[in-house]
Amino acid sequence: ADGTYKPSKRTDPDAPRSATFQLQDGVSLYGGFAGTEASVHERNIDSNPTILSGDFNGDDQINFDNYNENARHVLTAIGVGEIEQTVLDGFLVTSGCATGADFREGRGGGMFIEEAFPILRNCVFTRNLAAEQANVVHAPGGGAAVYVLIEEREPPQPVLSFYRCRFTDNTTRGSGAAVDFYGGSASFTDCSFERNAADAAGGAVYALWGFSYSFRGCTFSNNTTQGTGGAIS
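To start, this report covers the structure provided alongside it. Every value quoted in this text rests on a predicted model; they were computed, and no experiment measured them.

Parameters and conventions
Residues numbered from 1 in each chain as written. Predicted model: local features only at pLDDT ≥ 70, side-chain atom pairs only at ≥ 80, totals over all residues. Heavy atoms only, no water. Pairing = 2+ DSSP bridges. Helix = DSSP H or I, 4+ residues; strand = E, 2+ residues; numbered from the N terminus. Axes fitted to C-alpha atoms, helices over the stretch in contact; angles between N-to-C directions. Phe/Tyr/Trp six-rings, centres within 6.5 Å; stacked < 30°, edge-to-face > 60°. Buried < 20%, exposed > 50% of the residue type's maximum accessible area, 1.4 Å probe, protein only. Salt bridge = Lys/Arg side-chain N within 4 Å of Asp/Glu carboxyl O. Polar contact = N/O pair within 3.5 Å; in protein donor to acceptor, adjacent residues only side chain to side chain. Contact = heavy atoms within 4.5 Å. 1 Å grid on protein atoms, 1.4 Å probe; cavity = no way out; pocket = protein on both sides within 12 Å on 5 of 7 lines; lining within 4 Å. Points joined across faces, edges and corners; volume = space filled by probe spheres on them. Nonpolar A, V, L, I, M, F, W, Y, C, P; charged D, E, K, R; others polar.

Further remarks concern the sheet that holds strand β18 (residues 185–189). Taken in spatial order, the six strands make up an open sheet running β3-β6-β10-β14-β18-β22, and their pairing is parallel. In this open sheet, the two strands that pair with only one neighbour each are β3 (28–30) and β22 (212–216). Within this sheet the neighbouring strands show an average axis-to-axis angle of 5°, counted without direction.

Written out as structure tokens, the structure reads:
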């Protein structure tokens, strides 16, 4: 139902920022309900926003102030979706802050996807951050909204699918503020990318070592980078 939800299940019992919503294989999650509907088709996503937030203290400010205590990954998807369909549909994902001392901690503030192929529909990823801390070997991080890690797969392979998703106002000191791919294949249909900013490359999307990426009916507006590819690199 509509409302704001914050993750509580930690991947590391001693690390509050490791709390994350973990997608389960074969499970479809739908947001956007008032609570009186009899079917998914009756929901109204715009009128009933279902927000997944990494802002544990409820004190986020503009310019990503007060993000230090936020969840590193609001959502994680690891090893799901290849055999059984796994769906995330109708959620607003915000306030992820991917910072830390290893490769994964500095990537995927909104959602970290590893060897997984969920279907994402009607989702908004906004105001997520991926940065680096001092003396981090793999700095800077990337994929403020979504980071995808797919290693050692030869085509043909499953495709990660995005339908009618929006990526707005996400920022990274690395690459791919909206989506950063390390391998894999993906398709985007009727998605929009607005005001995302990456310091290194790919203001909206950055793809490294991937096989196939398609964009159908998508729009890119006011995405920026200090490197190459304001929209896509």
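Next comes the rest of the account.
Turning next to the sheet that holds strand β23 (residues 219–221). In a beta sheet, neighbouring strands pair by backbone hydrogen bonds and run either parallel or antiparallel. The parallel open sheet is built from seven strands, whose spatial order is β1-β4-β7-β11-β15-β19-β23. Two strands in the sheet have a free side with no partner beyond their single neighbour: β1 (3–5) and β23. The mean angle between the axes of side-by-side strands here comes to 15°, regardless of whether they run parallel or antiparallel. The pairing of β1 with strand β4 (residues 50–53) spans three bridges and is parallel. Each bridged residue has a counterpart across the sheet, and for threonine 4 the counterpart in β4 is isoleucine 51.

One pass over the full model with this rule turns up 14 aromatic pairs. When the centroid spacing of 5.8 Å and the interplanar angle of 65° are considered together, the rings of phenylalanine 215 and phenylalanine 220 count as edge-to-face. You can call phenylalanine 215 partly exposed: its relative accessible area is 29%. Aromatic rings pair up to connect Phe125, Phe162, Phe167, Phe181, Phe188, Phe193, Tyr213, Phe215 and Phe220 into one cluster.

This part is about the environment of glutamate 42. Along the chain, the position of glutamate 42 falls in the loop between β3 and β4. A relative accessible area of 48% means that glutamate 42 is categorised as partly exposed. C-alpha of glutamate 42 to C-alpha of glycine 32: the two residues are 10 residues apart in sequence and 9.6 Å apart in space.

The phi torsion at asparagine 63 lies on the positive side, around 60°, for a residue other than glycine. Examined against the element boundaries, asparagine 63 turns out to sit in the loop between β4 and β5 (75–78). Positive phi, close to 65°, is recorded for asparagine 66, a residue that is not glycine. The topology assignment puts asparagine 66 in the loop between β4 and β5. Judged by relative accessible area, asparagine 66 falls into the partly exposed class, the value being 38%.

Applying the stated criterion across every chain yields a total of seven salt bridges. The partner of arginine 72 in a salt bridge is glutamate 105, with the nearest N and O atoms 4.0 Å apart. Remark: glutamate 105 occurs in the loop between β8 (97–98) and β9 (111–114) and arginine 72 occurs in the loop between β4 and β5; sequence separation between them is 33 residues. Its relative accessible area of 15% is what places arginine 72 among the buried residues. What makes glutamate 105 partly exposed here is its relative accessible area of 23%. Residue glutamate 114 pairs with arginine 104 through a salt bridge whose shortest N-O separation is 2.7 Å. Taken together, the residues glutamate 114 in strand β9 and arginine 104 in the loop between β8 and β9 connect sequence positions 10 residues apart.

Tracing the backbone shows histidine 73 in the loop between β4 and β5. The buried category is assigned to histidine 73, whose relative accessible area is 14%. In terms of polar contacts, histidine 73 uses its side chain to reach the backbone carbonyl oxygen of arginine 104, at 3.3 Å. Excluding anything up to four places from it in sequence, histidine 73 contacts Ala19, Thr20, Arg104, Glu105, Arg107, Gly108, Gly109, Gly110 and Phe112.

Time to look at the layout of surface pockets. In this structure, the largest pocket spans a volume of roughly 280 Å³. Along the wall of the largest pocket there are 16 residues; nearest its centre are Thr11, Ser18, His73, Arg104 and Glu105. Of all the elements in the fold, those that place two or more residues in the lining of the largest pocket are β5 and β9. Here the lining of the largest pocket is composed, by residue class, of four nonpolar, five polar and seven charged.

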